[in-house]
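# Residue-level structure breakdown
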Amino acid sequence: MALDTLSALRIKYKEKKEVLLEENIKVKEPITLFKEWMELALKTEEILEPNAACLATVSKGCPSNRFVLLKEVSPDGFTFFTNYGSRKANDMATNPNVAMTLYWCPLRRSVRIEGKAEKIPITDSLKYFHQRPRASQIGALASEQSTRIPSRHHLDVAEQKLKDDLGDDKEVPMPNWGGYLIRPQLIEFWQGQVDRLHDRIVFRRGSDVDKEIDGKLVHKGENGWIYERLAP
């Protein structure tokens, strides 16, 4: 396929009988719905990394995004892990407002999340760090993420030195590394439709959102959430 065919690319989306209707959302709050969508993504063989998520941060007015792996979903929000010296960590230290998007192409579904990121307790980070494969632990310790290095060889040497020093038995010390929890204020569920009239249902919460409820365009959800449908 040549690059000049990009404008003509089309994939088959869902049929009318598969529209996302508000009345079919059993619990009118987004965490429960997200878990249902994630469960289906986990069972879909064509999706190799259902927890791959694009994380967007902003520093000094300039956005930056990259893929991370979502590691936990709870009533509080969404957790991922990274080096605390990385660009994304520095961005979040300056501006905790972030956005995260997951896209499951075989399901024609996407979820978009907006909220504030905060570090999780170090005990939780330590617990997860030592659950990782030993090679991943050593790799995290060997790499000062986002810093300049002279070559790939530099990383290989650092990794080998750690392997020699730690042997097969010594515990790998956790580097400047850990988890972040995104506490969501907005979660949008998108489902593609064959006629391009895609479904977009947005859940929002905040101090004054209840004032917007009118029962027509904005509806009362559960656990402090409101929801609405947006035009695609």
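Residues numbered from 1 in each chain as written. Predicted model: local features only at pLDDT ≥ 70, side-chain atom pairs only at ≥ 80, totals over all residues. Heavy atoms only, no water.

Labelled according to an unreviewed UniProt entry, the protein chain appears under the name pyridoxal 5'-phosphate synthase, originating from Glossina morsitans morsitans. Taken verbatim from the UniProt record of the protein chain, the Cofactor (unreviewed entry) comment is "FMN". In its Subunit (unreviewed entry) section, the UniProt record describing the protein chain reads: "Homodimer." (UniProt positions renumbered as here; feature names shortened; annotations may be inferred.)

Let's shift gears to the overall build of the protein chain. When its secondary structure is counted, the protein chain shows 5 helices and 10 strands. Dimensions of the protein chain, computed from the C-alpha atoms along their principal axes, are close to 65 × 50 × 35 Å. When burial is assessed residue by residue, the protein chain has 41% of its 232 residues classed as buried. A separation of at least 24 residues holds for 66% of the contacts in the protein chain among residues at least 6 apart in sequence. (Helix = DSSP H or I, 4+ residues; strand = E, 2+ residues; numbered from the N terminus. Buried < 20%, exposed > 50% of the residue type's maximum accessible area, 1.4 Å probe, protein only. Contact = heavy atoms within 4.5 Å.)

Within this numbering scheme, the UniProt entry marks residues 177-232 as carrying the feature "domain: Pyridoxine 5'-phosphate oxidase dimerisation C-terminal" (unreviewed entry). Overall, residues 177-232 shows 0% helix and 50% strand. The separation of its end C-alpha atoms is 39 Å.

The subject of this paragraph is the side chain of Ser64. Along the chain, the position of Ser64 falls in strand β2 (residues 62-69). For Ser64, a relative accessible area of 14% corresponds to the buried category. For Ser64, the residues in contact, after removing those within four places along its chain, are Leu55, Ala56, Thr57, Arg87 and Asp91.

A word on helix α1 (residues 30-43). In this model α1 runs 20 Å from its N-terminal to its C-terminal C-alpha over 14 residues, within 8% of the 20 Å that 1.5 Å per residue would give. Within α1 the residues assigned to the buried category are Pro30, Ile31, Leu33, Phe34, Trp37, Met38 and Ala41. One face of α1 carries all of its buried residues, which in axial projection span an arc of 160 degrees. For α1, exposure combined with an orientation more than 90 degrees from the buried face picks out Leu42 and Lys43. Looking at the buried positions of α1, the neighbouring elements they touch are β3 (72-74), β4 (77-83), β5 (97-104), β6 (109-119), β7 (177-191) and β8 (199-204). The opening residue of α1 is Glu29, an N-cap whose side-chain oxygen sits 3.0 Å from the backbone nitrogen of Ile31. (Expected span 1.5 Å × (residues − 1). Arc of directions from axis to C-beta. Polar contact = N/O pair within 3.5 Å; in protein donor to acceptor, adjacent residues only side chain to side chain.)

It is worth spelling out unusual backbone geometry at this point. Even without being glycine, Lys60 reaches a positive phi, approximately 55 degrees. With respect to the helices, strands and loops of the structure, Lys60 is situated in the loop between β1 (52-59) and β2. On the accessibility criterion, Lys60 (82% relative accessible area) is exposed. One non-glycine residue, Ser146, lies in positive phi territory at about 75 degrees. For Ser146, a relative accessible area of 53% translates into the label exposed.

To continue, consider the packing of aromatic side chains. Taken as a whole and judged by the stated rule, the model has 11 aromatic pairs. Ring centres of Phe34 and Phe78 lie 5.0 Å apart, and the angle between their planes is 80 degrees; this geometry places the pair in the edge-to-face category. A residue pair is termed long-range when its members are at least 10 positions apart, and Phe34 in helix α1 and Phe78 in strand β4 qualify at 44 residues. Ring centres 6.1 Å apart and planes at 10 degrees place the aromatic pair Tyr128 and Trp177 in the stacked group. Of this pair, Tyr128 sits in helix α3 (residues 122-129) while Trp177 sits in strand β7, and the two are 49 residues apart along the sequence. You can call Tyr128 buried: its relative accessible area is 19%. For Trp177, a relative accessible area of 7% corresponds to the buried category. Three or more aromatic residues link up through ring pairs in this structure, and these residues are Trp37, Phe189, Phe203 and Tyr227. It is Arg109 that lies over the ring of Trp37; its NZ or CZ is 4.1 Å from the centre. The ring of Tyr84 carries the charged tip of Lys119 above its face, separated from the ring centre by 4.1 Å. (Phe/Tyr/Trp six-rings, centres within 6.5 Å; stacked < 30°, edge-to-face > 60°. Lys NZ or Arg CZ within 6 Å of the ring centre and 35° of its normal.)

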